[in-house]
Amino acid sequence: MSKFWSPMVKSLVPYVPGEQPKMTNLVKLNTNENPYGPSPKVIEAIQAELNDSLRLYPDPEGEGLRQTIADYHSVKPEQVFLGNGSDEVLAHIFYALFQHGEPILFPDVTYSFYPVYCGLYNIEGTKVPLTDSFEINPDDYKQPNGGVIFPNPNAPTGRYLGLEHVEAILRANSERVVVVDEAYVDFGGESAIKLVDQYPNLLVCQTLSKARSLAGLRVGFAIGHTELIEALNRVKNSFNSYPLDRLAQAGAKAAYEDQEWFQKSCEGVISERERVTKALEDLNFEVLPSKANFVFARHKEKSGESLAKALREQGIIVRHFNKPRISEFLRITIGTPEQNGALISALRLP
Ligand SMILES: Cc1ncc(COP(=O)(O)O)c(C=O)c1O
């Protein structure tokens, strides 16, 4: 702490990202990255942008990329908002749409950045408990609020909420914005984007970090009614007009143009997820049903903490959250067949 800090900085509780270790040879299954890497067309597109034009600012509106994403999702480009990773998009959402003097609602077990944004913008948050089986119950979201946000599939549980239940939450909250954070939707869920023209209070957020394997490029977006997008643009243009650089815009566009790569990558993750789930169950784990690129599992006898430690000693990193309700669980990112094999072999050891 320092006397130079603005007073509110003293009370900030920042987000703690999963570890990015410097050591090589680790089996890194802790931050839900995609093991298969981006399309070679993405690399080509980025290389083609590595030229003298880097002296010029990028397109502040990312028009080409917005058009590509709009076409892919059958919406208008004015319904697409781009950001430097979906984390930045989420930050602007909290600022632009969640400050109504009433607490926003999100699940008690969810993406831990939501309470951090609440702290940053001084927004009150109410944690709505998931059911005993770690599901979102739409009836619990029928209470006064300043907005609603949840990931679908939820993180770190991996559990998916069917669109009919998402619609129930939207209908119960027609006077507030409901944000569906779909970071993991391409691994088996159905996107709520097709509902945006029906529900002016729906905002869907997605990222290229997971299914398109571009966590290092930092590209995310939101899709919704043009009035919601206009609010986000006002905030963005009061903060940083150029969140996406030239390389990010070119690479992200190319990612959408290689549908085959995307599909193969998602299928690879899904089939490995099913295999890992079965293997963990055989090893006496309870595994929550997942539609994400990770599984959330607890051993019926051994503690989450001791298992995470034992795996680490064997060069395998998974995520363990020392938090109420979930401290016995491990969140395990689905890796390549070899990485998953290493995980399963390590867990077989006494
Ligand atoms: C639920 C959820 N939303 C958003 C993000 C942020 O993704 P990014 O900022 O890489 O787009 C993550 C990252 O792990 C996540 O788990």
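Residues numbered from 1 in each chain as written. Predicted model: local features only at pLDDT ≥ 70, side-chain atom pairs only at ≥ 80, totals over all residues. Heavy atoms only, no water.

In the annotation of an unreviewed UniProt entry, the protein is listed under the name Histidinol-phosphate aminotransferase and assigned to Marinobacter salexigens. The record in UniProt for the protein states the following under Pathway (unreviewed entry): "Amino-acid biosynthesis; L-histidine biosynthesis; L-histidine from 5-phospho-alpha-D-ribose 1-diphosphate: step 7/9." Under Cofactor (unreviewed entry), UniProt gives the following word-for-word description of the protein: "pyridoxal 5'-phosphate". (UniProt positions renumbered as here; feature names shortened; annotations may be inferred.)

Engineer: So what exactly am I meant to see when it comes to the environment of serine 241 here?
Structural biologist: Along the chain, serine 241 falls in the loop between helix H7 (226-236) and helix H8 (246-257). Excluding residues that lie within four positions of it along the chain, serine 241 makes contacts with Pro60 and Lys236. (Helix = DSSP H or I, 4+ residues; strand = E, 2+ residues; numbered from the N terminus. Contact = heavy atoms within 4.5 Å.)

Engineer: Teacher, can you tell me more about the pattern of salt bridges here?
Structural biologist: Applying the stated criterion across every chain yields a total of 17 salt bridges. Arginine 159 is paired through a salt bridge with glutamate 135; the nearest N and O atoms lie 3.5 Å apart. Placement of the pair is arginine 159 in the loop between strand E5 (148-151) and helix H6 (163-172) and glutamate 135 in the loop between strand E4 (125-128) and E5, with a sequence separation of 24 residues. A relative accessible area of 19% places arginine 159 in the buried class. Residue glutamate 135 is classed as partly exposed on the basis of its relative accessible area of 34%. Salt-bridge contacts for lysine 142 lead to aspartate 139; the nearest nitrogen and oxygen are separated by 3.1 Å. (Salt bridge = Lys/Arg side-chain N within 4 Å of Asp/Glu carboxyl O. Buried < 20%, exposed > 50% of the residue type's maximum accessible area, 1.4 Å probe, protein only.)

Engineer: Just to check I follow, could you spell out the UniProt feature "domain: Aminotransferase class I/classII large" (unreviewed entry) in the protein for this structure?
Structural biologist: As annotated in UniProt, the feature "domain: Aminotransferase class I/classII large" (unreviewed entry) corresponds to residues 25-347 in the numbering used here. Taken as a whole, residues 25-347 contains 37% helix and 16% strand, while its terminal C-alpha atoms sit 18 Å from one another.

Engineer: Could you clarify how one ought to interpret the environment of tyrosine 114 in this entry?
Structural biologist: Structurally, tyrosine 114 is set in helix H5 (residues 113-121). Residue class for tyrosine 114 comes out buried when judged on its relative accessible area of 0%. Between the C-alpha atom of tyrosine 114 and that of serine 265, which follows or precedes it by 151 residues, the distance is 28 Å. Setting aside its immediate chain neighbours within four residues, tyrosine 114 contacts Leu90, Phe94, Phe106, Ile149, Phe150, Pro151 and Asp181.

Engineer: I tried to follow the side chain of serine 213 on my own but got confused; where do I start?
Structural biologist: Within the secondary structure, serine 213 sits in the loop between strand E7 (202-207) and strand E8 (220-224). Within the local environment of serine 213, its side chain forms a polar contact with the backbone nitrogen of glycine 37, the two atoms lying 3.2 Å apart. With near-sequence residues (within four places) excluded, serine 213 lies in contact with Asn34, Tyr36, Gly37, Pro38 and Leu208. (Polar contact = N/O pair within 3.5 Å; in protein donor to acceptor, adjacent residues only side chain to side chain.)

Engineer: Got a minute to help me understand a nonpolar patch on the surface in this structure?
Structural biologist: A cluster of nonpolar side chains, contributed by Met1, Phe4, Trp5, Met8, Val9 and Leu120, occupies part of the molecular surface with about 660 Å² of accessible area. As for its placement among the helices and strands, leucine 120 is situated in helix H5. (Patch = residues over 30% accessible without salt bridge, like charges linked within 9 Å, V, L, I, M, F, W, Y side chains within 5 Å. Areas by Shrake-Rupley, 256 points an atom, 1.4 Å probe, with all protein chains shown as cover.)

Engineer: How do you make sense of the site of the ligand when you look at a structure like this?
Structural biologist: In the vicinity of the ligand, the residues found are Gly85, Ser86, Asp87, Tyr111, Pro151, Asp181, Ala183, Tyr184, Thr207, Ser209, Lys210 and Arg218. For the ligand, whose free accessible area comes to 400 Å², the fraction covered by protein is 92%. Sort the elements by how many residues they give to the shell around the ligand and helix H4 (residues 85-97) lands first, with three residues. Taken together, the residues that form the shell around the ligand break down as four nonpolar, four polar and four charged. (Near = heavy atom within 4 Å. Nonpolar A, V, L, I, M, F, W, Y, C, P; charged D, E, K, R; others polar.)

Engineer: So what exactly am I meant to see when it comes to the nonpolar core here?
Structural biologist: A general trend in soluble globular proteins is that nonpolar side chains are found buried together. With 49 residues, the main nonpolar core has Phe150 and Leu202 as its most contacted residues. Among the elements that line this core, the one with the most residues is H8, at five residues. Taken domain by domain, this core gets at least three of its residues from each of domain 1 (2-37 + 260-348) and domain 2 (40-258). For phenylalanine 150, the contacting residues outside a window of four places in its chain are Pro107, Tyr114, Ile136, Leu161, Val166, Ile169, Val178, Val179, Val180 and Asp181. Counting residues in hydrophobic clusters, the runner-up holds 32 residues, among them Leu29, Ala155, Phe187 and Ile334. (Core = buried A, V, L, I, M, F, W, Y, C linked by side-chain atoms within 4.5 Å. Domains from an automatic or database assignment.)

Engineer: Before we go on, may I ask you to explain the UniProt feature "modified residue: N6-(pyridoxal phosphate)lysine" (unreviewed entry) in the protein in this structure?
Structural biologist: The UniProt entry lists Lys210 under the feature "modified residue: N6-(pyridoxal phosphate)lysine" (unreviewed entry), expressed in the numbering used here. Relative to the helices and strands, lysine 210 resides in the loop between E7 and E8.

Engineer: Help me understand the packing of helix H9 (residues 259-282) against helix H11 (residues 337-348), please; the structure alone is not making it clear to me.
Structural biologist: When two helices pack together, their arrangement is captured by the angle between the axes and the distance separating the axes. One can describe the packing of H9 onto H11 by two numbers: an axis separation of 11 Å at closest approach and a directional angle of 5°. Classified by the angle their axes make, H9 and H11 are roughly parallel. Judged by residue contacts, Glu272, Arg275, Val276, Ala279 and Leu280 of H9 engage Pro337, Asn340, Gly341, Leu343, Ile344 and Leu347 from H11. Residues belonging to the contact of H9 with H11 are distributed by class as follows: seven nonpolar, two polar and two charged. (Axes fitted to C-alpha atoms, helices over the stretch in contact; angles between N-to-C directions. Parallel < 35°, antiparallel > 145°, perpendicular 65-115°, else oblique.)

Engineer: In this structure, what is going on with the packing of aromatic side chains? I would like to understand it.
Structural biologist: The description of an aromatic ring pair rests on the distance of the ring centres and on the angle between the ring planes. Throughout the structure, instances matching the rule amount to 16 aromatic pairs. An angle of 70° between the planes, with centres 5.1 Å apart, marks the rings of tyrosine 72 and tyrosine 256 as edge-to-face. Of this pair, tyrosine 72 sits in helix H3 (residues 63-73) while tyrosine 256 sits in helix H8, and the two are 184 residues apart along the sequence. Here tyrosine 72 falls in the partly exposed class, since its relative accessible area comes to 31%. Under the relative-accessibility criterion, tyrosine 256 is labelled buried at 6%. (Phe/Tyr/Trp six-rings, centres within 6.5 Å; stacked < 30°, edge-to-face > 60°.)

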